[in-house]
Amino acid sequence: MVGGVAVAASKSCKVSIDAKTIDTASPGDGQWEHCITGRKSWSISADHIVQSLSRAAIQVGTTVDIQVTLRGSQAKGFAGFVDNVTIASGTYTGSLSLARGIFWDKTNRKFLLKVVLIGVGELYYAAWTVTDSTPYTSPSAYDTFKCDGVVYSWLDGDLMSEKLTGRAIVKSWDVQGTRGNIMMGSFSFKGTGPLTPASLPATT
């Protein structure tokens, strides 16, 4: 997404992140190069179907907000985020009508089933039988989950947003047209500043 709008009919993109290296020397093995890490840079290119010549052309040289996300068509859905809630003991086996969705606890780093009981209030369970809990209670590395259109991956016992954000200059735009065919274009973006994974959102 560029400036909050998806690149028109884009079916391919390329994200490149590069780290410069600075040559150094070692007194112990002077015949071999050594290096240390320098500054990092990034760029993105995206092909698209051209819908407007003028609108695309005037974007070259401007600075835009960039978002790159996974689609996550196989991701398991969940309802939102909580933080450091008290986890009820045992396994919830009651009515599904009392369940209010599955939430990720950012401190306990667990998926929890939220249940609302009359006269008791909200309870959160780490195990339940009213729906299939296995994808949430026993995820595998790189399993994907989705909330509010954002995909998250489970790795090393934690959840990470699969959305990169940054600022970039629209460096170039190429367009190719052939009579009788769809006109295709390609944007090139040069990052200015970091390209960083989005943090987990606030609790609901």
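Predicted, not measured: the structure shown is a model, and the values here were computed from it.

Cut-offs applied
Residues numbered from 1 in each chain as written. Predicted model: local features only at pLDDT ≥ 70, side-chain atom pairs only at ≥ 80, totals over all residues. Heavy atoms only, no water. Pairing = 2+ DSSP bridges. Helix = DSSP H or I, 4+ residues; strand = E, 2+ residues; numbered from the N terminus. Salt bridge = Lys/Arg side-chain N within 4 Å of Asp/Glu carboxyl O. Buried < 20%, exposed > 50% of the residue type's maximum accessible area, 1.4 Å probe, protein only. Phe/Tyr/Trp six-rings, centres within 6.5 Å; stacked < 30°, edge-to-face > 60°.

Caption draft 1: The arrangement of the sheet that holds strand β10 (residues 143–147) in detail. Taken in spatial order, the four strands make up an open sheet running β4-β10-β11-β12, and their pairing is mixed. Because the sheet does not close on itself, it has two edges, and the strands there are β4 (76–77) and β12 (158–161). Relative to β12, strand β11 (residues 150–155) runs antiparallel, the two being bridged by four bridges. Bridge pairing in β12 places Y152 opposite S161.

Caption draft 2: Here's a closer look at the pattern of salt bridges. Applying the stated rule across the entire model yields three salt bridges. A salt bridge links D65 to R167; the nearest nitrogen and oxygen atoms lie 3.0 Å apart. Of this pair, D65 sits in strand β3 (residues 63–69) while R167 sits in strand β13 (residues 163–176), and the two are 102 residues apart along the sequence. With relative accessibility at 42%, the residue D65 sits in the partly exposed group. You can call R167 partly exposed: its relative accessible area is 38%.

Caption draft 3: Structural detail: the packing of aromatic side chains. Per the counting criterion, the structure on display carries 13 aromatic pairs. A ring pair is formed by Y136 and F145, whose centres lie 5.7 Å apart and whose planes are at 40 degrees; its orientation type is tilted. Residue Y136 is classed as buried on the basis of its relative accessible area of 11%. The structure contains a cluster of three or more aromatic residues connected by ring pairs, namely F78, F81, W104, F111, W128, Y136, F145 and Y152.

Caption draft 4: The pairing of β12, seen in detail. Alternating positions in β12 separate cleanly, L159 and S161 being buried on one face and D158 and M160 remaining unburied on the opposite face. Connecting β11 to the antiparallel partner β12 that follows it, the hairpin turn spans two residues, and D156 within it adopts a positive phi of roughly 55 degrees.

Caption draft 5: Focus on unusual backbone geometry. The backbone of N84 sits at a positive phi, close to 60 degrees, despite the residue not being glycine. In this structure, R109 is a non-glycine residue whose phi angle is positive, near 55 degrees. Position of R109 relative to the elements: it lies in the loop between β7 (99–105) and β8 (110–117). You can call R109 partly exposed: its relative accessible area is 41%.

Caption draft 6: The sheet that holds strand β6 (residues 87–88), seen in detail. With mixed pairing, the five strands of this open sheet are ordered in space as β5-β7-β8-β9-β6. Lying at the two open borders of the sheet, with one neighbouring strand each, are β5 (80–82) and β6. Relative to strand β9 (residues 121–125), β6 runs parallel, the two sharing two bridges. Pairing of A88 across the sheet is with Y125, part of β9.

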